[in-house]
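In case you want the letters, here they are:
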Amino acid sequence: MDRSQGSPKRSSAAGGWGALKSCGKHLLGSRAPLSGARALLSANQPDGFDCPGCAWGDPAHGSSFEFCENGVKAVSWEATDRRATPRFFAKHTVSELRGWTDHALESEGRLTHPMRYDAETDTYRAVAWEEAFAEIGATLRGLDHPDRVEFYTSGRASNEAAYLYQLFARAYGTNNFPDCSNMCHEASGIALTQAIGIGKGTVLLEDFEKANAIFVVGQNPGTNHPRMLGDLRRAAERGARVVVLNPVRERGLERFADPQNSVEMLRGASRPIASHYYQPKPGGDMAAFRGIAKAVFARDAAALAEGRPSLLDHAFIAAHTSAFADYRAAVEATAWAAILDQSGLTREAIETAADVYLGADRVIATWAMGVTQHRHSVATIREIANLLFLRGHIGRPGAGLCPVRGHSNVQGDRTVGINEKPPAALLEALDREFGLSVPRKHGHNVLGAIGAMLDGSAKAFIGLGGNFVRATPDTKLVEKALSGCELTVQIATKLNHSHLVPGRIAYLLPCLGRTEIDRNSRGKVQIVTVEDSMSMVHGSGGINKPASPHLRSEIGIVAGMAAATVGSERIDWVALADDYDLIRDRIERTIPGFAGFNTRVRRPRGFMLRNLAAERVFETATGRAGFSSGPLPVATEHQRASARGDTFVLQTFRSHDQYNTTIYGLDDRYRGVYGERRVVFAHPDDLAALKARAGERVDLVCVHAEDGIERVAEDFRLVPFDMPRGSLAGYYPELNVLVPLSAFGEFSDTPTSKSVLVQVRARAQVRARAAKPLGRAA
């Protein structure tokens, strides 16, 4: 029986015994619990491997247990003894496999052999590596222009693999680099580059030990980066105020039971995280931060009127910022009515948040995709930065800006050159180092790549990891785009739906996982490197025996394709792939900040890439941190939905048994959902207004008539939840079918997956009023 039918039973706190039970369950489910458990002791250790999950930083003085529940899932998922062998592929056609769920496909286990798609039998068949490289190279050389190829990158790729990959693509002649960051933190990179001159955060992990106010905006660390909960809890325990702004009330942001605290575990206790929990409407964060700033200016004016010192850091503002007067004028011109309507918060709540801000000497603002996946995300992040500038909360201990990245090396991949709009300095350095003349013309990001494949101007797709079909919006259109290609190449550890949309020529190339030993031709064990959310670069070396003797490293596969495509006259690809130190030498000579790379990366915990903004050196056009002064959006999607009356704003997010498109299981313990994924969360009063019952099944229909495409997600169960009225939420990738390609962030091109306008329709077989939108009270 579905345990989540009716009133959902949520965990009382994040972590605790539930997390330990879940760890045991997933280790046993891997059918290799001992190797999985042994591997975990090497996760995020100086002589071990970097967890293939999130990009949260490692402490300078970590323990032997630097992993979390979701890290256990990631490691055991990779360390499984299940295998998807050529025999498996001979038994199942690609057409049949398309009907499997994401969870079922990956549950078949690790890929073992390089495979080529056979259209005649509609199956994948084993092929020799050299045969695969030769046909891939010949096909790429046969295209009439290098821009016909899209080089996609997942954030799991190491620095070395990503560097070699971008070198291959540029030596071939294109800057087409769609990558996973286009779908998550692109807005953070653009906004921070405009504001502080670098597209990265400015804090280190130890700054969380010093901050006395932390604003956590649009993120759910309990599921997405659970190790962050430990840092937030320790901050709360020493008296720091943790102010949460998140539309959905997430258990992990309320309470956390530390599984490593034996006393607490024995008592079944937990500790609070958030001191203040606010639930703005989706897309209302910019208005909320403008309101906080408006309250701060009012408090400052009152202080001055009473003869007290200003509450602002005028010395910092004068010495290090630009456009302060314009920003202050914009804030003061913004009416409270607009702030309250757009944010959905009360004035009392906003003024309380302002008091917390003013009462702290050291403030951190941290955010994730709840902020970055809206139409106006860039403006919102700049508004967050504005607030911190007012009191100089940047470039000093315990304060700063902290976008929390998703995949473990998504930040590092961009650092080493995965960029469709590369800086001129990088291209000039590559030319000098390798004797090339790499292209200067900007390439495609994810949306550009999909558009190019749809209109036929792109003919080939190479995926270095990831699951492009399921990670991107508008699933059916993306399937059409990939299937129209002359060549598709997928480098992967496990089977996923992207592999089931083959081009005319299609290869599935299995690679080593992060947890596995990588030896070169002389038997020497090699390490790779990654960069976390705090700009720390450290080494990673696996300890497990590879899942198959036929696997190659991502670096070896990239080198094989490159040698077969562009030749080895200028670049000895085989030599680079046989000694990763040689790749790091090249990175050191072409990417700033990597001096002494091979030495420093072998130090425990690695080293920090220099971040000038953290030193109050701002590499902007003015040489100063820039206040932005744009108006609030004319209308957020939530306001548009409210005006229609029969429309909701849908956000997509992960379940607790999920990491990006990888589905480890079918439960979402913290939200009280068990054994299924086709659910949609809604406010109880909205269910009442819809005359719908908890548990009733509905269809969701995208309200986006501009392109004439009907987008429907069928058969989802309604679950009442604590969230703003007029909002809905559900899991991706199932709901990505509703996210239009043509709805994206201003300046970032990030799909607006947190603000999709939808209507709710009753299921035909359940109710006679099929296809009729269920109205809701305005």
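Here goes a summary of the coordinates provided.

Definitions and limits used
Residues numbered from 1 in each chain as written. Predicted model: local features only at pLDDT ≥ 70, side-chain atom pairs only at ≥ 80, totals over all residues. Heavy atoms only, no water. Core = buried A, V, L, I, M, F, W, Y, C linked by side-chain atoms within 4.5 Å. Buried < 20%, exposed > 50% of the residue type's maximum accessible area, 1.4 Å probe, protein only. Helix = DSSP H or I, 4+ residues; strand = E, 2+ residues; numbered from the N terminus. Contact = heavy atoms within 4.5 Å. Polar contact = N/O pair within 3.5 Å; in protein donor to acceptor, adjacent residues only side chain to side chain. Pairing = 2+ DSSP bridges. Axes fitted to C-alpha atoms, helices over the stretch in contact; angles between N-to-C directions. Expected span 1.5 Å × (residues − 1). Phe/Tyr/Trp six-rings, centres within 6.5 Å; stacked < 30°, edge-to-face > 60°. Left-handed = near helix turned anticlockwise from the far one by under 90°. Nonpolar A, V, L, I, M, F, W, Y, C, P; charged D, E, K, R; others polar. Parallel < 35°, antiparallel > 145°, perpendicular 65-115°, else oblique.

1. So, the nonpolar core
Residues L140, F151, Y507, L509, M561 and F594 are the most contacted members of the largest nonpolar core, which totals 59 residues. It is helix α8 (residues 159-172) that contributes the most residues to this core, 9 residues altogether. Beyond its immediate sequence surroundings of up to four residues, Y507 is in contact with M115, R116, V127, E131, A132, E135, I136, L487, T488, V489 and Q490. Counting residues in each nonpolar core, the second largest holds 57 residues, with A287, V331, I339 and A353 among its members.

2. Quick look at the side chain of S548
If you trace the backbone, S548 turns up in the loop between β19 (536-540) and α25 (554-566). For S548, a relative accessible area of 6% gives the class buried. There is a polar contact of 2.8 Å between the side chain of S548 and the backbone oxygen of T112.

3. So, the pairing of β19
Side chains on a regular strand alternate between the two faces of the sheet. Of all 5 residues in β19, 4 are buried, a share of seventy percent or more. As paired elements, strand β18 (residues 528-531) and β19 share 4 bridges and run antiparallel to each other. Bridge pairing in β19 places V528 opposite S540. Where β18 folds back on β19, the antiparallel hairpin that results is connected by 4 residues, among which S535 adopts a positive phi of roughly 65°. Of the pairings in the sheet, the one linking β19 to strand β20 (residues 607-608) comprises 2 bridges and is antiparallel in character. Paired with M536 across the bridge in β20 is M608.

4. A closer look at the sheet that holds strand β14 (residues 400-403)
If you walk across this open sheet you meet the 5 strands as β11-β8-β7-β13-β14, and the pairing is parallel. Sheet topology places β11 (276-278) and β14 at the edges, where each strand pairs with a single neighbour. For this sheet, the mean inter-axis angle between neighbouring strands, taken without regard to orientation, is 15°. Note that strand β8 (residues 241-245) and β11 share 3 bridges and pair parallel. Among the inter-strand pairings, V244 is bridged to a residue of β11, identified as Y277. Across the face of the sheet, helix α17 (residues 347-358) comes into contact with β7 (213-217), β8, β11 and β13 (363-367) while running at roughly 140° to β11. Along the sheet, helix α19 (residues 377-390) makes contact with β13 and β14, crossing β13 at roughly 170°.

5. Re helix α13 (residues 285-305)
Taking 1.5 Å as the rise per residue, α13 with 21 residues should run 30 Å; its terminal C-alpha atoms sit 30 Å apart, in good agreement. For α13, a buried count of 15 out of 21 residues is recorded, marking the element as mostly surrounded by other parts of the structure.

6. What about the environment of G675?
Along the chain, G675 falls in the loop between β24 (662-663) and β25 (679-682). Excluding its chain neighbours within four sequence positions, the residues that come into contact with G675 are L666 and D667.

7. A look at the packing of aromatic side chains
For the structure on display, the rule yields 27 aromatic pairs. Ring plane angle 55° and centroid distance 6.3 Å describe the contact between F215 and F289, whose orientation is recorded as tilted. Highlighted residues: F215 in strand β7 and F289 in helix α13, separated in sequence by 74 residues. Their ring planes at 15° and their centres at 5.1 Å tell us that Y327 and F627 sit as a pair that is stacked. Separated by 300 residues along the polypeptide, Y327 in helix α15 (residues 324-333) and F627 in the loop between β21 (625-626) and α29 (637-644) bring together distant segments of the chain. In this pair, the class of Y327 matches that of F627, namely buried.

8. Some thoughts on α8
Side chains of residues three or four places apart in an α-helix project in the same direction, reflecting 3.6 residues per turn. Taking 1.5 Å per residue as the helical rise, α8 with its 14 residues ought to reach 20 Å, and the 20 Å between its terminal C-alpha atoms agrees with that figure. The element α8 is extensively covered by neighbouring structure, given that 13 of its 14 residues are classed as buried.

9. Some thoughts on the environment of E306
Relative to the assigned elements, E306 resides in the loop between α13 and α14 (314-320). By relative accessible area, which is 54% here, E306 ends up exposed. Through-space distance from the C-alpha of E306 to that of R610 is 43 Å; in sequence the pair is 304 residues apart.

10. Topic: the pairing of strand β27 (residues 712-720)
Note that β25 and β27 share 4 bridges and pair parallel. Within β27, the position partnered with V679 by the bridge is R717. Across 4 bridges, strand β26 (residues 697-702) lies against β27 in antiparallel orientation. The partner of R697 across the bridge, within β27, is R717.

11. With respect to the packing of α13 against helix α16 (residues 336-343)
Direction vectors running N to C along α13 and α16 enclose 145°, while the axes themselves pass 8 Å from each other. Remark: the crossing between α13 and α16 carries left-handed chirality. Side by side, α13 and α16 meet where A287, A288, R290, G291, K294 and A295 of the first sit next to W336, I339, Q342 and S343 of the second. Within the contact of α13 with α16, the residues separate by chemical class into 5 nonpolar, 3 polar and 2 charged.

12. Some details on the environment of Y664
Within the fold, Y664 resides in the loop between β24 and β25. Classification of Y664 as buried rests on a relative accessible area of 7%. For Y664 and G29, which are 635 residues apart along the polypeptide, the C-alpha to C-alpha distance reads 9.9 Å. In contact with Y664, other than residues within four places in its own chain, are H26, K73, A74, W77, H103, D657, Q658 and Y659.

13. Describing the packing of α8 against helix α27 (residues 580-590)
At a minimum axis distance of 10 Å, the contact between α8 and α27 shows a crossing angle of 70°. By the angle class used here, α8 and α27 are roughly perpendicular. Considering how the two elements wind past one another, α8 and α27 form a crossing that is left-handed. Of the residues in α27, those in contact with N159, E160, Y163 and L164 of α8 are Y580, I583, R584, R586, I587 and T590. Class assignment for the residues of the contact of α8 with α27 results in 5 nonpolar, 2 polar and 3 charged.

14. Quick notes on unusual backbone geometry
Residue P733 is bonded to the preceding Y732 through a cis peptide linkage, with omega at 10°. In this structure, S535 takes a positive phi of about 65° despite not being glycine. Within the fold, S535 resides in the loop between β18 and β19. Although it is not a glycine, R605 adopts a positive phi angle of roughly 70°. Of note, R605 is situated in the loop between α28 (597-600) and β20. Here R605 falls in the buried class, since its relative accessible area comes to 15%.

Bear in mind that shape data such as this cannot, by itself, settle questions of function.
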